[in-house]
Amino acid sequence: MSLRLKITLFMALFTLILLSCYLFWWLPSYTRRVEAELLVLGEAEVSILAEAMRPGIISAPPGGLVGSLEHALESSPVWSRIALSDARGKQIYPLAPEPPETTPLTWFEASITHGVEEIAILRLGADVKALTAKRTRAAARMGLLFIALPGALMLALLFYTTKRITRPLNRLGIAAHHIANAKFDIALPQKSGDEIGLLTQSIHTMKTRLALRDKAFTENERRLSAIIDTAAAGLITIDHAGTLRSFNTAAERMFGYASGEVLGQNIRILMPLPYRREHDRFIRRYLLSGEKRAIGIEQEVKGRRKNGEVFPIWLAVSEMKQTEETLFVGSVLEITHQKTADAELVKHRDNLRAMIHERTKDLKVAMEKAEAANQAKSNFISNMSHEIRTPMNALLGFLALALEKDDLPTELRSYLEVAHRSSWSLLGLLDDILDISKLEGGRMELELTPFNLAALLRDVCHTMAVAAREKKLSLRLFMATPLPRYCSGDPMRLRQVLFNLLSNAVKFTHNGSITMHVESLQNNEIHFAVDDTGIGIPQNQLKRIFEPFAQADDSSTRRYGGTGLGTAIAKQLTELMGGNIWVKSTVGTGSTFHLTLTLPEATAMQPEPPSQPQRPASLPMVLSVLVAEDIDENAKLIMIRLEQQGHRAVSVSNGLEVFAALSRGPFDLILMDVHMPEMDGLEATREIRRGGAGEACRTIPIIGLTASAGKQDVKECLDAGMNEVVTKPIDFMRLYAAMETSLPVKEFSGPTVKEPPSPSPEEWPEISGVDTRQAMTTWGDRNVYLKALTSFVHKFKEAPRTMLRAMETGGTDAVHQTLHAIKGASANLCMTEVHKACQDLTPLPGPEEIEKTRPLIVSLHSAFQRLVHTLDPPATETPDLATEHPERPSDQVATWFEELLGALCSDNPDRVIPLLEPSAACISEAHTRRLQNRVDLFDFRGAEEEARKTAREMNIYLNGRAHGAET
């Protein structure tokens with residue numbers, strides 16, 4: 001079908017569809033719409049006319065009203081008749097009867113009212129059908145006109161298409177057919193500026209290019225033939241039967257045959273045995289099954305010259321598929337000289353291999369020496385750190401002891417304080433060197449735990465606040481909300497990185513402020529920025545600022561000191577945690593260190609709510625129980641509760657005493673504490689299960705008692721051979737249930753246990769920091785509990801001070817033992833505040849984090865002091881304490897206040913107490929007593945405010961300000 005016919009059919013179909021839509025859809029729809037509009041218009045006009053006639057009906061004479069109606073009827077092209085009647089139905093207009101309707105009219109009526117009274121009815125009649133038909137005919141004529149216009153346009157388009165498109169396209173088709181047959185002399189239609197002209201131009205360009213390509217193809221064919229003839233490699237073509245089809249000049253030289261001698265012959269004449277027999281079979285197998293043995297593969301084979309000589313060749317066979325048939329092309333290279341050279345290369349290769357082997361041995365020895373040297377360096381740093389730390393611990397300890405002396409001269413005390421601070425600086429340097437050694441050796445490991453991010457940030461800033469205050473710098477922390485409350489990561493290493501960055505900021509800032517910004521980014525990423533107004537870093541030094549032992553320049557090292565390890569450790573720790581760290585700085589303006597870490601949000605483990613007080617269950621029979629517990633208070637509590645249940649109990653304090661007790665007599669059950677001196681509970685349990693206490697004791701039930709409630713801790717107890725594990729604080733109902741579960745029924749013998757009477761709540765006092773209701777449930781006996789509580793408080797009330805001194809001297813082992821003893825006993829004694837403080841100190845930080853540990857130990861000391869004041873109320877303050885301040889020179893009093901405020905800022909009571917001694921104090925006994933009471937409770941901020949208040953009362957100038965105002 002031609003294009004012209006297609007266009008004609010399309011135009012006819014389009015016109016038919018357009019006419020059908022007009023006649024069967026648009027015209028009926030238009031008629032209905034006109035009729036609906038006329039009905040709406042009639043209703044509206046009759047209402048308007050009725051409203052307009054109301055005044056005339058009321059006041060005008062009937063003659064004038066009739067004239068108005070006749071005028072309205074004559075001037076309206078719509079209304080055929082008008083009728084007006086009064087309220088009783090009497091016709092007012094027309095006066096004479098009208099002839100009957102020749103065509104049905106549509107009547108519209110409206111009531112004319114005066115107030116609420118209907119006075120007349122107006123009716124208008126119109127031939128809606130005639131009016132609708134009239135408008136429809138007008139629209140139909142216009143519609144047909146619009147339909148005729150596209151038809152005329154389509155005819156014109158058809159004529160134009162025939163002349164300007166189809167004829168040129170026919171000519172172009174004929175020309176394309178000639179071009180396809182390589183007849184490039186055909187004439188094309190005349191070019192024009194429309195699409196046909198563009199197509200004509202394209203075909204003309206194609207014709208030109210095809211003519212050039214045909215010419216180039218002919219030349220390439222001649223060139224390819226020349227290349228083949230002049231190629232250095234022999235090129236041989238055969239068909240599927242092995243018949244030689246081409247044989248170039250290089251092949252003639254190689255085999256000694258002229259091309260005329262071999263063309264038409266089988267390829268076997270060029271092959272020696274056994275290749276001759278296999279060749280045809282390989283080709284037939286490939287054509288039938290596609291299995292390739294030589295096609296597409298390069299290999300070394302043998303060739304046979306015309307004179308019968310066999311020589312090595314390198315053969316590569318490829319398949320060339322043509323329309324008519326499949327040919328195989330072989331590329332042949334003679335490799336006689338290469339084989340000779342290969343033999344020489346093999347000889348040299350063996351010699352080179354022997355040399356490489358010797359060199360490899362030398363390199364291996366050198367690598368082992370380097371690794372040994374690196375390990376020796378790490379061992380040396382570790383050993384030296386240990387060896388130096390040992391005398392450093394003694395040095396710090398004796399300096400602390402010396403500073404505790406009350407009668408030290410001021411100058412000597414200042415010397416000792418400098419030595420004490422310098423010793424701590426040296427210890428920090430050792431820690432930095434050890435950390436950088438671990439990081440470089442890849443031995444640093446992270447410990448991922450949930451931690452409170454905001455608390456960590458406030459703690460770090462609080463630790464650095466003292467150093468910033470000494471330099472009169474403002475240290476601020478901004479945390480953009482929302483931040484995750486708990487994150488999963490290594491809090492100790494994050495604290496170390498932030499502390500290093502803040503420490504550098506304080507060191508290199510003389511005035512202004514230091515600000516740490518923290519914000520949450522996408523994908524659990526947290527951004528930390530430490531901004532200072534310090535000296536800044538030159539741009540050419542920014543790259544080496546994170547290198548070990550490097551600072552901005554040598555003058556910074558001489559002026560500010562330091563090893564340059566802080567930023568290097570921060571960078572390596574950040575990268576170990578999978579984060580990024582960088583710095584932006586301007587000389588003279590300040591620096592901003594940026595740190596980003598991925599810290600997934602975590603859920604902190606919430607302690608279980610305490611259960612309602614219940615009476616402990618009883619075992620049905622009397623048991624003989626061996627209690628292994630090294631803390632006297634814990635052992636005493638367990639013994640009391642067991643004796644209240646009617647059981648017989650024996651107490652020992654370590655694992656060795658367990659074996660001694662077992663050798664003296666049998667026991668039904670062992671309650672074994674896990675952490676004990678000399679031999680712990682785990683080792684003792686393993687030895688009992690191995691038969692170390694006799695065969696009869698190997699199956700004795702053992703219940704573990706531990707303050708460590710982790711899954712791994714419980715698993716270790718069960719793996720050691722314990723039957724059950726009960727965590728501290730001891731839930732005795734659970735303990736009795738564990739005892740009942742662990743013992744077979746046959747082992748219950750003896751009298752029935754009687755349940756002790758329930759204690760009365762009124763007998764128990766309210767004690768601050770103690771859950772007395774839980775104590776009532778746990779202990780039962782009020783007097784016994786109060787005696788045990790008082791004994792424990794007086795025994796350990798000075799333990800926090802001892803722990804703080806031990807931490808300052810590096811004695812963490814003793815601190816850990818004391819903390820474990822307090823933690824377990826305080827839980828059993830229901831001392832909620834003391835037990836909470838012990839939990840905050842677990843796990844115990846190392847000596848290098850003394851600034852973190854100090855406020856936690858202070859909280860523990862405060863909890864003990866509140867219990868001391870509750871259990872042993874202080875005597876009433878003597879009313880005649882002197883309130884008069886001693887007579888001292890004002891400059892001496894001002895100096896004493898400044899020393900006192902500096903000591904209070906250190907949060908160290910050992911620095912404050914000597915200044916409050918009667919011989920040193922410059923204030924009255926009453927004021928000294930108030931300060932002493934706050935220091936005893938470790939309320940250093942309250943003591944500082946009290947001191948400033950006293951200074952204002954004495955009109956003392958401090959730091960250039962009157963009345964003790966803070967600078």
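Starting from 1, residues in each chain are numbered consecutively following that chain's sequence as written. Given that this is a predicted model, residues contribute local features only at a pLDDT of at least 70 and side-chain atom pairs are listed and counted only at 80 or more, while totals for whole chains, interfaces and linings are drawn from all residues. Just so you know, side-chain values use all the structure's heavy atoms and leave hydrogens and water out.

Caption draft 1: Structural view of the sheet that holds strand β5 (residues 234-238). Pairing within the open sheet is antiparallel, and its five strands lie in the order β6-β5-β9-β8-β7. Across the chains shown, the open sheet's two edge strands, defined by having one partner strand only, are β6 (244-247) and β7 (298-304). On average, each strand axis in the sheet is tilted by 35° relative to the strand beside it, whichever way the strands run. The pairing of strand β8 (residues 310-321) with strand β9 (residues 326-334) spans nine bridges and is classified as antiparallel. Considered in β9, the bridge of Lys321 is made with Thr326. Should DSSP find at least two bridges between two strands, the strands are taken to pair. By the criteria applied, helices consist of DSSP H or I runs no shorter than four residues and strands consist of E runs no shorter than two, each listed in order from the N terminus. To define axes, lines are fitted to C-alpha atoms, for helices over the stretch in contact only, and angles between the resulting N-to-C directions are given on a 0 to 180 degree scale.

Caption draft 2: Layout of the pattern of salt bridges. A carboxyl oxygen of Asp or Glu within 4 Å of a side-chain nitrogen of Lys or Arg is what we treat as a salt bridge. A complete count under the given rule lists 15 salt bridges for this structure. With a shortest N-O distance of 3.6 Å, Arg245 and Asp239 are connected by a salt bridge. Ionic contacts of the salt-bridge type, sharing partners, join the residues Arg305, Glu309 and Glu334 into one network.

Caption draft 3: Quick look at the packing of aromatic side chains. Geometry of aromatic contacts follows a simple scheme: Phe, Tyr and Trp rings, the Trp one being its six-membered ring, pair when their centres are within 6.5 Å, and the pair is stacked under 30 degrees between planes, edge-to-face over 60, tilted otherwise. Counted by the stated rule, this structure contains five aromatic pairs. Aromatic pair Phe247 and Phe255: ring centres 6.3 Å apart, planes at 45°, arrangement tilted. Each of the two residues, Phe247 as well as Phe255, counts as buried. Seen in terms of ring centroids, Phe792 and Phe864 are 6.2 Å apart; in terms of plane orientation they differ by 35°. Their pairing is tilted. On the criterion of sequence distance, the pair formed by Phe792 in helix α20 (residues 782-796) and Phe864 in helix α24 (residues 850-871) is long-range, its members being 72 residues apart. When its relative accessible area of 0% is taken as the criterion, Phe792 is described as buried. When a residue's accessible area, from a 1.4 Å probe over protein chains only, is under 20% of the maximum for its type it is buried; when over 50% it is exposed; and in between it is partly exposed. Judged by relative accessible area, which is 0%, Phe864 ranks as buried. In this structure an aromatic cluster arises from ring pairing among Phe247, Phe255 and Phe311. Seen from the ring of Trp107, Arg123 lies directly overhead, with NZ or CZ sitting 4.3 Å from the centre. Charge-over-ring contacts are defined here by two conditions on Lys NZ or Arg CZ: a distance within 6 Å of the ring centre and an angle within 35 degrees of the ring normal. Here Arg305 stacks its cationic end above the ring of Phe311, 3.9 Å away from the centre of that ring.

Caption draft 4: Layout of the nonpolar core. We call a set of buried Ala, Val, Leu, Ile, Met, Phe, Trp, Tyr and Cys residues a nonpolar core when their side-chain atoms join them within 4.5 Å. In this structure, Leu671 and Met831 are the most contacted members of the largest nonpolar core, which totals 57 residues. Per-element accounting of this core gives the leading share, seven residues, to α20. Between two residues, a contact is recorded if the distance between any of their heavy atoms is within 4.5 Å. With sequence-adjacent residues up to four places away left out, Met831 is seen in contact with Gly769, Val770, Leu789, Phe792, Val793, Ser826, Phe864 and Leu867. Residues Cys487, Ile545, Leu565 and Val583 belong to the second largest nonpolar core, which totals 38 residues.

Caption draft 5: Highlighting the sheet that holds strand β4 (residues 117-126). Pairing within the open sheet is antiparallel, and its four strands lie in the order β2-β1-β4-β3. With partners counted over all chains shown, the strands left at the sheet margins are β2 (91-93) and β3 (106-114), one partner each. Averaged over neighbouring strand pairs, the angle between their axes works out to 30° when direction is ignored. Across seven bridges, the pairing between strand β1 (residues 79-86) and β4 is antiparallel. The partner of Ala83 across the bridge, within β4, is Arg123.

Caption draft 6: Main features of the packing of helix α14 (residues 632-644) against helix α18 (residues 732-742). For the pair α14 and α18, interaxial distance at closest approach is 12 Å and the crossing angle is 65°. Relative to α18, the element α14 is oriented roughly perpendicular. Crossing handedness for the pair α14 and α18: right-handed. Where α14 abuts α18, its residues Leu637, Ile638, Arg641 and Leu642 lie against Phe732, Tyr736 and Met739. When residue character is reported, Ala, Val, Leu, Ile, Met, Phe, Trp, Tyr, Cys and Pro are called nonpolar, Asp, Glu, Lys and Arg charged, and the others, Gly included, polar. When its residues are assigned to classes, the contact of α14 with α18 shows six nonpolar, no polar and one charged. Throughout, the term roughly parallel applies to angles under 35 degrees, roughly antiparallel to angles over 145, roughly perpendicular to angles from 65 to 115, and oblique to all others. Working rule for handedness: look at the near helix, and if it is turned counterclockwise from the far one by less than a right angle, call the crossing left-handed; if clockwise, right-handed.

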